[in-house]
Amino acid sequence: MTQTAEFEIVRDFAAPREQVYAAWTRPERFARWFGPRIFTTPADRVVLDVRPGGVWQATLVGDEGFEVTLRGVYRDVAGPGRLAFTTGDPDNPGDGPASVVTLTLDEHADGTTMRFHQFGVNTDAEHAEQSKAGWLEFFDRLAEHLAVQATSSKVSSRP
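Only a predicted model underlies this, so the values are computations on that prediction, with no experimental measurement involved.

Visitor: Before we move on, could you go through the layout of surface pockets and cite the residues and values that matter?
Guide: By rolling a water-sized probe across the atoms, one finds the places where empty space is left. Its volume calculated, the largest pocket comes out at about 510 Å³. Lining of the largest pocket is provided by 23 residues; of these, Leu70, Thr87, Gln118, His127 and Ser131 occupy positions nearest its centre. When contributions to the lining of the largest pocket are tallied by element, the ones reaching two or more residues are strand 1 (4-13), strand 4 (67-78), strand 6 (98-108), strand 7 (111-121) and helix 3 (125-156). Per-element tally for the lining of the largest pocket: the top contributor is helix 3, with 7 residues. Looking at the lining of the largest pocket residue by residue, the classes come out as 11 nonpolar, 11 polar and 1 charged.

Visitor: How would you sum up the sheet that holds strand 6? Please name residues and give values.
Guide: With respect to topology, 7 strands assemble into an open sheet ordered 1-7-6-5-4-3-2, the strand pairing being antiparallel. Either end of the sheet is taken by a strand with one partner, and the two such strands are strand 1 and strand 2 (46-48). In this sheet, neighbouring strand axes are inclined to one another by 20° on average, regardless of whether the strands run parallel or antiparallel. Pairing between strand 4 and strand 5 (residues 82-87): 4 bridges, direction antiparallel. The partner of tyrosine 74 across the bridge, within strand 5, is phenylalanine 85.

Visitor: Describe empty space enclosed by the protein, listing the residues and the values that go with them.
Guide: Summed over the entire model, instances satisfying the criterion amount to 1 cavity of 30 Å³ or more. Of the pockets and cavities examined, the largest cavity occupies roughly 60 Å³. In terms of lining residues, the largest cavity is bounded by Trp24, Phe30, Phe34, Leu48, Trp56, Tyr74, Leu83, Phe85 and Trp135. By residue class, the composition of the lining of the largest cavity is 9 nonpolar, no polar and no charged.

Visitor: Tell me what's going on with the packing of aromatic side chains, and back it up with residues and numbers.
Guide: Summed over all chains, the structure comprises 21 aromatic pairs. Among the aromatic residues, ring-to-ring pairing joins Phe7, Trp24, Phe30, Trp33, Phe34, Trp56, Tyr74, Phe85, Phe116, Trp135, Phe138 and Phe139 into one connected group.

Visitor: Tell me about unusual backbone geometry, and name the residues and values.
Guide: Here the bond from glycine 79 into proline 80 is cis, since omega is 5°, no more than 30 degrees from zero. Here proline 80 is to be found in the loop between strand 4 and strand 5. One non-glycine residue with positive phi stands out, namely glutamate 64, at about 55°. By the secondary structure assignment, glutamate 64 is in the loop between strand 3 (55-61) and strand 4. Here glutamate 64 falls in the exposed class, since its relative accessible area comes to 87%. Of note in the backbone geometry, asparagine 122 takes a positive phi value of approximately 55° without being a glycine. Tracing the sequence through the fold places asparagine 122 in the loop between strand 7 and helix 3.

Visitor: Residue-level account of the nonpolar core, with values.
Guide: In this structure, Trp24, Phe116 and Phe139 are the most contacted members of the largest nonpolar core, which totals 33 residues. Looking at this core, the elements with two or more residues in it are strand 1, helix 1 (17-25), strand 2, strand 3, strand 5, strand 6, strand 7 and helix 3. The greatest single-element share of this core, amounting to 6 residues, is contributed by helix 3. Look past the residues within four positions of tryptophan 24 in its chain and what remains in contact with it is Phe30, Trp33, Leu48, Tyr74, Leu83, Phe85, Leu103, Met114, Phe116, Trp135, Phe139 and Leu142.

What counts and what doesn't
- Residues numbered from 1 in each chain as written.
- Predicted model: local features only at pLDDT ≥ 70, side-chain atom pairs only at ≥ 80, totals over all residues.
- Heavy atoms only, no water.
- 1 Å grid on protein atoms, 1.4 Å probe; cavity = no way out; pocket = protein on both sides within 12 Å on 5 of 7 lines; lining within 4 Å.
- Points joined across faces, edges and corners; volume = space filled by probe spheres on them.
- Helix = DSSP H or I, 4+ residues; strand = E, 2+ residues; numbered from the N terminus.
- Nonpolar A, V, L, I, M, F, W, Y, C, P; charged D, E, K, R; others polar.
- Pairing = 2+ DSSP bridges.
- Axes fitted to C-alpha atoms, helices over the stretch in contact; angles between N-to-C directions.
- Phe/Tyr/Trp six-rings, centres within 6.5 Å; stacked < 30°, edge-to-face > 60°.
- Buried < 20%, exposed > 50% of the residue type's maximum accessible area, 1.4 Å probe, protein only.
- Core = buried A, V, L, I, M, F, W, Y, C linked by side-chain atoms within 4.5 Å.
- Contact = heavy atoms within 4.5 Å.

Below, the structure written as structure tokens:
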């Protein structure tokens, strides 16, 4: 029997929606925040073919040459407000966990509210909690990346 689990994370970022969307859709930006802090994600090991049916892939590199590659397919691309993508193949997951992520970005006066919803198949509650904890760490890194981008933009726009 296939187990399913889902969760939602809502996070506010002090950055315009276009900047948050760019962090999800530009390999050089995605590489700066995607993954746990114990890994690096080299930009040349990130593929983001941001279109419905396009593939995304990121290789995380750890100590002593350990690598793990995550991948999926974009299902919906309506930037800069919405992305939906898979991790693994939720339509044919085999024995492994797979999921569908839906990301919505709503701009407001102080920045952007990101709603991240993940629905997983072959996923029990414990795996979903581990996944959620991982994403929370990723989003801390995303907030740091966006803060650096904001500082860089202010410095480069000075006369």
